Amino acid sequence: MSATVPGTVETGVAVVGAGPAGLAAAVSAAEAGAAVVVVDACPQPGGQFWRHRPETVEPNPDGKGHHGWRTYRDLRARFDAGRHTGRIKYLPGQQVWMAEKTDGGFVVRMTPTVTADPAYGTAGSGSTVVARRLVLCPGGYDRQLPVPGWDLPGVMAAGGIQAFIKANGALPGKRFVIAGTGPFLLPVAAGIAQAGGQVLAVLESSSPKAWLPHLKAAASVPEKAVEGVEYAAVFARHRIPYRIRTIATEVLGDARASGVRTAKVDADGRVRPGTERVYTDVDVVGFGWGFTPQMELPLSLGVETRLDADSSLVGVVTERQESSIPGLFLAGEVTGVGGASLAVLEGLTAGASAAAEPDSAAGPPGFRAMARHRRFAEAMHRAHPIPDVWQDWLTPDTTVCRCEEVTAGEITEARENLGARDARTLKSFTRAGMGWCQGRVCGFAAACLGSGPGALPTVASLSAAAKRPLAAPVGIGELADLIPTDD
Amino acid sequence: MSAYPSGTSLSGTPDEVTISFDGRQITTAAGQSVGSALVTNGITAWRDTRKQARPRGLFCGIGVCFDCLVAVDGEPNQRACLVEVREGMEIKGSCGPSVHPLAEPEGGRE
């Protein structure tokens, strides 16, 4: 199907996303001579990692609370230079709701992220980018595991708390508990403390001992160790308790979160009786279990996928960051969650590759550094796994799908009595993943629950959960504008 | 290290903006998201779920989860975490009665 709508922009390379990977891809493609169009859902560059106060209010942010801010300043300067010379066309505040492969390249359809805000949507409704090559850098977001009470107001994604502080220069509460697994919990807690909030505890389900088999990989990225020492200093200064092999078993409260029940767990995540403890007077509970790459656009284009070491569904790419679809490049978390430094290296490679001729032999310059970062990421994933028995923490009436209010009991019942073992069948039997967020939040957990106790999801189940006909909510008028033609 | 506790903004931030939430006047620093303006004024929930009328507010904070939907100047289904406040903006809870006990002035707890 093809269609022509008003507001079509043609270009050599289209980049989706303006975070670390997208900015890097745009800059390197433009500097290699390509005409580049950058589409981003946010109203200003930076993505989630370099999210900052609106530049209309704070024109020259000092990067306080950010890591790699010098890298951002460098990329941003080159990005702005590209825009100045007309090499880069920047379409902020536009979310991509559909991407299609055509004979000559790709068609990307956009709609304003926010329809009620003049800061967004300068390109207008129903606009389209037609590009010879496409680089997708959509990033990711916190992966979640449900727990009783996690749908209460005051419970937030760990990354959501960090984004709140970075974007608003304010705190969403005063007293925080942060729980889940992975090194990302550290900057979240440190950021809260540095902004004047009180972190009652960081609950880490794994143990530092889990890093022991991976020390060589960890040592290959020394800057991460330096970062870790910084956080340790912040934790010591603000007396933040870091409790290992500990989970939040329940968020307490009536109309909003007001407390957290915790317990120690064994190496599999099994609660150790007699270790329960309650934190009271809590304003905000932050949860993060690693990250979920934003895979709907790569999947809708049909890329080959694999399960990464953290059980995330990710796209398979070549050394040039090219996917299994010729002319389609992926960079950042969609090729495997590995953090901003790796995302920048991948973006630089993807942009240069997209701007080059298909058979060009130019070796990717950052390949060795990328390999080091990928080894580190794999070590991180193995040291901070989803606990094997996390499903045991649920009660039958624990909400799993927040949008459609589907409980763990309904899902296990559909699995046991109706044979719904994959996310797509669960959708049709229980409506899990059928609401506003389209399974973005519950997709991983529902896929695990469908696979059975202690099981991790399969590629097929995660693909079914993440494959969406529309990648973003869109008005019926924009669908009506898609006039089918005969070709 | 300068701190910016709940309800206040980073030093150096200029103007204040006044918006209304379900008819109530709220003052916040310019450049805040609607979600931030509400939460830092002690309003943590602003819509009810369709089935069980459970209260909802901010969750993912970055536009993924759609928990924080509000109506902005009559435009429904806007994500409060993404919309930036503007002088005179009228915000309404997204669906359901959107009558929730407001927290105590000091951002208190129940």
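Shown above is the structure to which this text applies.
Residues numbered from 1 in each chain as written. Chains lettered and ligands numbered in written order. Predicted model: local features only at pLDDT ≥ 70, side-chain atom pairs only at ≥ 80, totals over all residues. Heavy atoms only, no water.

Turning our attention to the overall build of chain B. The helix and strand tally for chain B stands at one helix and seven strands. Counting the 110 residues in chain B, one finds 56% classified as buried. Taking contacts inside chain B between residues at least 6 apart in sequence as the whole, the part at least 24 apart equals 40%. Element-wise, carbon and sulfur atoms account for 48% of the exposed surface of chain B, whose accessible area totals about 4700 Å². (Helix = DSSP H or I, 4+ residues; strand = E, 2+ residues; numbered from the N terminus. Buried < 20%, exposed > 50% of the residue type's maximum accessible area, 1.4 Å probe, protein only. Contact = heavy atoms within 4.5 Å. Areas by Shrake-Rupley, 256 points an atom, 1.4 Å probe, with all protein chains shown as cover.)

Looking only at helices and strands, chain A has 14 helices and 21 strands in total. Its C-alpha radius of gyration of 22 Å places chain A within 12% of the 23 Å reference for a compact globule of 487 residues. Expressed along its principal axes, the backbone C-alpha trace of chain A runs to roughly 65 × 50 × 45 Å. Here chain A, with 487 residues, has 61% of them falling under the buried criterion. A total accessible area of about 18500 Å² is found for chain A, and carbon and sulfur atoms account for 55% of it. (Rg over C-alpha atoms; globule rule 2.2 N^0.38 Å.)

Moving on, we come to the side chain of Glu 322 of chain A. Residue and element names in this part refer to chain A. Inspection of the secondary structure puts Glu 322 in the loop between strand 18 (313-315) and strand 19 (328-330). Residue Glu 322 is classed as buried on the basis of its relative accessible area of 17%. Of the polar contacts made by the side chain of Glu 322, one reaches the side chain of Arg 320; its length is 3.0 Å. Among the polar contacts listed, one links the side chain of Glu 322 to the backbone nitrogen of Gly 327, at a separation of 2.8 Å. (Polar contact = N/O pair within 3.5 Å; in protein donor to acceptor, adjacent residues only side chain to side chain.)

Residues and elements named next belong to chain A. Two numbers describe how helix 11 (residues 423-430) lies on helix 13 (residues 459-466): the axes approach to 7 Å, and their chain directions differ by 50°. In this view, helix 11 runs oblique relative to helix 13, as classed from their interaxial angle. Residues Ala 423, Arg 424 and Lys 427 of helix 11 touch helix 13, and the partners they reach there are Ser 461, Ala 464 and Ala 465. (Axes fitted to C-alpha atoms, helices over the stretch in contact; angles between N-to-C directions. Parallel < 35°, antiparallel > 145°, perpendicular 65-115°, else oblique.)

This part takes up the sheet that holds strand 5 (residues 69-72) of chain B. All names here are of chain B. On the basis of which strands lie adjacent, the open sheet formed by five strands has the order 2-1-7-5-6 and mixed pairing. Both outer strands of the open sheet, strand 2 (24-29) and strand 6 (75-79), are each paired with one neighbouring strand and no more. Strand-to-strand twist in this sheet, taken as the mean axis angle between neighbours without regard to direction, amounts to 40°. Bridge count between strand 1 (residues 16-21) and strand 7 (residues 90-93): two bridges; the pairing is parallel. (Pairing = 2+ DSSP bridges.)

Once that is clear, we can look at the sheet that holds strand 15 (residues 284-289) of chain A. Residues and elements named next belong to chain A. Spatially, five strands are ordered 8-15-9-10-11 in an open sheet, and the strand pairing comes out parallel. Looking at which strands have only one partner, the edges of the open sheet turn out to be strand 8 (155-157) and strand 11 (242-244). Here the strands of the sheet are splayed against their neighbours by 20° on average, with no regard to which way each runs. Across six bridges, strand 9 (residues 175-181) lies against strand 10 (residues 198-204) in parallel orientation. Paired with Arg 175 across the strands is Gln 198, a residue of strand 10. Helix 4 (residues 185-194) rests against strand 9, strand 10, strand 11 and strand 15 of the sheet, and its axis sits at about 175° to strand 10.

This part covers the packing of helix 10 (residues 408-418) of chain A against helix 12 (residues 443-451) of chain A. Residues and elements named next belong to chain A. Following both chains from N to C, one finds helix 10 and helix 12 inclined at 40°, their axes separated by 9 Å at the closest point. Taken together, the axes of helix 10 and helix 12 lie oblique to each other. By crossing handedness, the relation of helix 10 to helix 12 is classed as right-handed. Contact with helix 10, carried on its side by Ile 411, Thr 412 and Arg 415, involves Ala 446, Leu 449 and Gly 450 of helix 12 and no other residues of that element. Split by residue class, the contact of helix 10 with helix 12 holds three nonpolar, two polar and one charged. (Left-handed = near helix turned anticlockwise from the far one by under 90°. Nonpolar A, V, L, I, M, F, W, Y, C, P; charged D, E, K, R; others polar.)

Let's shift gears to helix 12 of chain A. Residues lying three or four places apart along an α-helix face the same way, a consequence of the helix completing one turn every 3.6 residues. Residues and elements named next belong to chain A. Judged by how many residues are buried, helix 12 sits mostly within the fold: eight of nine residues are covered. Turning to helix 12, its buried residues are Gly 443, Phe 444, Ala 445, Ala 446, Ala 447, Cys 448, Leu 449 and Gly 450. The elements touched by buried residues of helix 12 are strand 20 (399-401), helix 10, helix 11 and helix 13. Gly 452, located one to two residues past helix 12, shows a positive phi value of around 110°.

All right, on to the packing of aromatic side chains then. All names here are of chain A. Across all of its chains, the model carries ten aromatic pairs over all chains by this definition. Pairing Trp 50 with Tyr 72 gives two aromatic rings, centres 5.4 Å apart and planes at 50°, and the pair type is tilted. Of the two residues, Trp 50 is situated in the loop between strand 2 (36-39) and helix 2 (69-84) and Tyr 72 in helix 2; the sequence distance between them amounts to 22 residues. We classify Tyr 72 as buried; its relative accessible area is 0%. In this structure an aromatic cluster arises from ring pairing among Phe 49, Trp 50, Trp 69 and Tyr 72. Its end group placed over the ring of Phe 106, Lys 101 keeps NZ or CZ at 4.7 Å from the ring centre. Geometry around Phe 49 places Lys 166 over its ring, the cationic atom sitting 5.2 Å from the centre. (Phe/Tyr/Trp six-rings, centres within 6.5 Å; stacked < 30°, edge-to-face > 60°. Lys NZ or Arg CZ within 6 Å of the ring centre and 35° of its normal.)

Right, let's talk about the nonpolar core for a bit. Of all hydrophobic cores here, the largest spans 83 residues; its most connected members are Leu 134, Val 155, Phe 287, Leu 328 and Trp 390 of chain A. Among the elements that make up this core, the one with the highest residue count is helix 12 of chain A (six residues). If sequence neighbours within four positions are ignored, Val 155 of chain A has contacts with Gly 149, Trp 150, Val 251, Ala 257, Val 285 and Phe 287 of chain A together with Leu 58 and Phe 59 of chain B. Core analysis: the next-biggest nonpolar cluster, separate from the first, contains 48 residues, Phe 176, Ile 178, Leu 186 and Val 199 of chain A among them. (Core = buried A, V, L, I, M, F, W, Y, C linked by side-chain atoms within 4.5 Å.)

Remember that the coordinates give geometry; whether it matters functionally is a separate question.
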